[in-house]
Amino acid sequence: KHLSESGVTKSVTDGFLNLDWEFADGLTEKITKDSLFTRLIPEQYIDSRDLAFKEVKEGLTLDGDYSLSEFLRSFPLEAVQKVAFSSPHLEPKDVIAILKPEYCADWEDEECGPGEDKKSSPEKIAFQLKQETFFNEVVCEIITTKGKSSSKEYHPEFLSFFVKFCTGFDYLPDPDGNPDFKITVEFNMAEVEMGAHPMSHACVNVLKLPGMLYENREAFWEKLRESVMVYGTKFTMQ
């Protein structure tokens, strides 16, 4: 389970077999089924996490000189866990709350006279209105109906996969401790063609949608579902 949650699936481990691998001790060996589980996986997925936890502990306690438990003992455990690790339960309203739409993101405004601000063309304003309506009435509606357990259209894994598609994480950080955490929903006129699959840049929390939008709600849902679900089931640490 630990390895599975790290993205280490059978297809991933099989891909390592027979590769020439240089280990941390400087030795290069061909990966066998035995060395895969006795050397490679511990070194890449377990030892590194153990080291990370030790470094975090040293940092929080100033290398043992500061008692973190003494400081935190007056705080409810639930509050500490929420701020530090977020809630494991995703709700549609929480996801929608961190979405930050950018309409006609790559459309430059028109140049005006000296000393005057740039102004949007009537065509750009019309597209912005269409994109705003699409965001409010389609994007947010789909997140609600697919992510709410009481909905007839409820999709159990959709919310976590959607968040992972946009951010690389399965859960959202606590909003009180991370008020600036947002997912930018960028309506892009040039990079994403009309009706195309949504794109994401998880390292900067950006979801890119076609500026020309989709034919209808169902067309968008199918493209979004395919992108989100494939990413959620196939994305690994490689």
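A. Representation of the nonpolar core within the structure. If you look at the biggest cluster of nonpolar residues, it comprises 32 residues, and the most contacted ones within it are Phe 134, Ile 143, Phe 158, Phe 162, Leu 209, Phe 220 and Val 228. Those elements that provide at least two residues to this core are α7 (122–147), α8 (158–167), β4 (183–188), β6 (206–210) and α9 (217–234). Those residues in contact with Phe 158, other than ones at most four positions away along the chain, are Ile 142, Ile 143, Lys 146, Trp 221, Leu 224 and Val 228. Counting 7 residues, the second-largest nonpolar core is a separate cluster that includes Phe 23, Ile 31, Leu 36 and Leu 40.

B. How the structure looks around the pairing of β6. Burial analysis of β6 places 5 of its 5 residues in the buried class, which makes it a mostly covered element. Of the strand pairs in this sheet, β4 and β6 are connected by 5 bridges, and their pairing is parallel. Its bridge partner lying in β6, Asn 188 is registered against Pro 210. Note that strand β5 (residues 199–201) and β6 share 3 bridges and pair antiparallel. Along β6, the bridge assignment pairs Ser 200 with Leu 207. Hairpin geometry of β5 and β6 is characterised by an intervening segment of 4 residues between the two adjacent antiparallel strands and by a positive phi of about 55° at Asn 205.

C. Spatial organisation of the environment of Asp 34. Here Asp 34 shows up in helix α3 (residues 33–60). The class of Asp 34 is exposed, set by a relative accessible area of 55%. Taking the C-alpha atoms as reference points, Asp 34 and Leu 17, 17 residues apart in sequence, are found 9.9 Å from one another.

D. Spatial organisation of unusual backbone geometry. Positive phi is not limited to glycine here, since Asn 18 has a value of about 75°. With respect to the helices, strands and loops of the structure, Asn 18 is situated in the loop between α2 (10–16) and β1 (20–22). Despite not being glycine, Asn 205 has its phi angle at roughly 55°, a positive value. Considering the arrangement of structural elements, one finds Asn 205 in the loop between β5 and β6.

E. Layout of α7. Spanning 26 residues, α7 covers 36 Å between terminal C-alpha atoms, matching the ideal 38 Å at 1.5 Å per step. Of all the bends in α7, the greatest measures close to 35° and is centred on Phe 135.

Rules behind the numbers
Residues numbered from 1 in each chain as written. Predicted model: local features only at pLDDT ≥ 70, side-chain atom pairs only at ≥ 80, totals over all residues. Heavy atoms only, no water. Core = buried A, V, L, I, M, F, W, Y, C linked by side-chain atoms within 4.5 Å. Buried < 20%, exposed > 50% of the residue type's maximum accessible area, 1.4 Å probe, protein only. Helix = DSSP H or I, 4+ residues; strand = E, 2+ residues; numbered from the N terminus. Contact = heavy atoms within 4.5 Å. Pairing = 2+ DSSP bridges. Expected span 1.5 Å × (residues − 1). Bend = angle between axes of the 7 residues up to and from the residue.

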